[in-house]
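Chain residues, written in single-letter form:
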Amino acid sequence: MKIHQFDVVVVGAGGAGLMAALYASKTASTAVISKLYPMRSHTGTAQGGVGAALGNYEEDHPEWHTFDTVKGSDYLGDQDAIEFMCQEAVTSVYELEHMGLPFSRTPDGRIAQRPFGGHTNNLTGKPVRRSCYAADRTGHMILQTLYQQCIKNKINFFDEFQVLDLILINGVAQGVVAIELATGEMHIFHANAVIIATGGYGRIWKITSNAYSSTGDGVAITLRRGLPIEDMEFFQFHPTGIYKLGILITEGARGEGGILLNGKGERFMEHYAPHVKDLASRDVISRAMYTEIREGRGINGQDYLYLDIRPETVNKYAALDGRTQPDGSPYRVTGDDILARLPDIVDFCRTYLGVDPVEQPMPVQPTAHYAMGGIPTNLLGQVVMDEKNTILPGLYAAGEVACVSVHGANRLGTNSLVDLIVFGRHAGLDAAKYALGSQFKTLPNDVADFSIEQLDRLRKNKNGTEKISKITEEMRTTMMDHVGIFRTNEGMSASLTKIRELQDRFLQIKIQDGGKVFNTELLNAWELGNLLDLAEVVTISAIARTESRGAHSREDFPNRDDQEWLKHSLAWSEDGKIRLGYKPVTITKYQPKERVY
Ligand SMILES: Cc1cc2nc3c(=O)[nH]c(=O)nc-3n(C[C@H](O)[C@H](O)[C@H](O)COP(=O)(O)OP(=O)(O)OC[C@H]3O[C@@H](n4cnc5c(N)ncnc54)[C@H](O)[C@@H]3O)c2cc1C
């Protein structure tokens, strides 16, 4: 077993991990451990943009961004954290620009911006251009830019190492245990500060925009180590996934003027969100789509709708809406504009669907997209472990894995990339400061035992009868059917029973590959265990919350209930059972109101 020592170890090489590493490495010895080669992290698929009130085309303010985010969160986001993020968004985006990120540009050379769901001019209620983008490859460009900076800073990368456990000694974080995929060897990373940046867990659901690697490892690891996880019932479904495949069509497509149409050719969002229509927040649109489909108005009565970005459709509705270009002239697009602004989307549709979006509408359905919940942290990225927000020394989390909470019950588009760079930076800075002021503790000899046990338990079932693929499929189907966009006690309870049955069957999984070198089968099984554990917590937290708020929509409790439920949920795993607790939402300037879009 190899032992490494660094001041700070960062687990994950997505936008959050790289930003954290970049800042930590300015003063402290820093390692990044990633199960994927860094450039394959899910951040690289982010398309539509990063939100910041630069006001490059029209009036905009960080306060408007703050209010929109609070409103978008259905008032569950912590307002101090949201304000902090929206203020810092502006300098953070300029920082990326100065690092060399090739943003799309306005005619006079500034960063181009496009409208996105829920981002408004707070005076008129009309959509505002706030999303800073690099065509529809914004995440890819962020990842490239940050990786280059990390290489320049000589950060130590451990690529294709999968972290299996967190080392805690007397309540203080002291590193992680990881397996090297190429050799199957265990490595101990001894560190005074650990930053978890392992991303989301969208692979729980059948239709998802998330990469195969989004299996919630970081959340599951901390849960097993006795730490709470926050607001797990809130999982966002993005309105426009490619039908049946789930691959994302960015909200930027609607930002550029794309329209959602039902089987009767109607622009149905007019009925659900008369002010901002196709640019309402994602929870509102996903519910509207589901309702249209359920009431028989899908395309040809089926379970999908159209997203139409053909120039004639965009221009027709832009004229009806009175939409203008930044210079005040009527908004118009050509096929070439669509190709220039959304090249990857056009490419995906041509490749995966055989549909050319410049000439045909795209068949879409809502797709599981983003975890609002995760490991609870404060504004500095420090992990907090109870209702009183007590800090766990040396442990940090940033990015989608964390719950600060800036997204509350529903995240606005473009706000995840902001979250990564703002809180990634603070986690990196604070972790380095903390690590440099701390002493390494002696590691016990059995520090890797729990990791080894977890894998051995999976390996030992020589006569196992269960298959990873079968359990995965059953989990994803039950979660999609019952713990998706609309939820009821009955459906979720059935799902919980099913998940527990799958957890039992999981113990009987048979691993065919007995080898050590790149045993991805074994690690896929371990990841499935994580997904099952998180599916259980999501469902239990969702059953307990007897109201509808943001992405959590209960048909048996259709109203938001601020009296009872204006609070974050926390879930602990204790002796194999989930215990729930709650903590207050931080409200500063904005008292909860009904959301109107
Ligand atoms: C298709 C798509 C499009 C999106 N578009 C946008 C957008 O336009 N704007 C926006 O704001 N948001 C967008 N989002 C959301 C946003 O991209 C993600 O929330 C964000 O990129 C997550 O970044 P992260 O750094 O937290 O994690 P990720 O980028 O997911 O990276 C996770 C990292 O953790 C590593 N890792 C995981 N588990 C382990 C382990 N056990 N051991 C070691 N390493 C591990 C992985 O190797 C990886 O490097 C989009 C998301 C998707 C799926």
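What you are looking at is a predicted structure, and each value in this text was computed from that prediction instead of being measured. Residue positions are given per chain, counted from 1 along the sequence in the order it is written. Local features in a predicted model are, by the rule used here, given only for residues with pLDDT of at least 70; side-chain atom pairs are given and counted only at 80 or more, and totals for whole chains, interfaces and linings are based on all residues. Hydrogen atoms and water are omitted, and side-chain values are computed over all heavy atoms in the structure.

Q: What is the right way to read the pairing of strand β9 (residues 186-196) from this model?
A: Side chains on a regular strand alternate between the two faces of the sheet. Accessibility here uses a 1.4 Å probe with only protein chains present; expressed as a share of the type maximum, an area under 20% marks a residue as buried, one over 50% as exposed, and anything in between as partly exposed. Here a helix means four or more residues in a row that DSSP labels H or I, a strand means two or more in a row labelled E, and each is numbered from the N terminus. The element β9 is extensively covered by neighbouring structure, given that eleven of its eleven residues are classed as buried. By the bridge criterion, nine bridges tie strand β1 (residues 2-11) to β9 in an arrangement that is parallel. By the bridge assignment for β9, Q5 is matched with H190. By the convention used here, strands pair only if DSSP detects at least 2 bridges between them. The pairing of strand β8 (residues 172-180) with β9 spans five bridges and is classified as antiparallel. Paired with G175 across the strands is H190, a residue of β9.

Q: Is there a simple way to explain the domain arrangement of the protein in this structure?
A: How large an interface is tends to be reported as the accessible area lost when its parts come together. Domain delimitation follows an automatic or database domain assignment. The assigned domain composition of the protein is domain 1 (1-234 + 372-445 + 570-597), domain 2 (239-368) and domain 3 (449-556). Each of domain 1 and domain 3 was reduced to a C-alpha centroid, and the two centroids are 24 Å apart. Two residues qualify as a contact provided that any one of their heavy atoms is within 4.5 Å of a heavy atom in the partner residue. Taken residue by residue, the interface counts 47 residues in domain 1 and 38 residues in domain 3. Between domain 1 and domain 3 the total buried area reaches about 3,700 Å² when both faces are included, carbon and sulfur atoms providing 65% of it. Accessible-area loss on putting two parts together, using a 1.4 Å probe and summing over both, is the definition of buried area adopted here. Counting the surface domain 1 buries against domain 3, the share from its top three residues, I204, R224 and E233, is 20%. Each salt bridge in this description consists of a side-chain nitrogen of Lys or Arg and a carboxyl oxygen of Asp or Glu lying within 4 Å of one another. For the pair domain 1 and domain 3, the number of links is three salt bridges. The residue D533 makes a salt bridge to R224 at a minimum N-O spacing of 3.2 Å.

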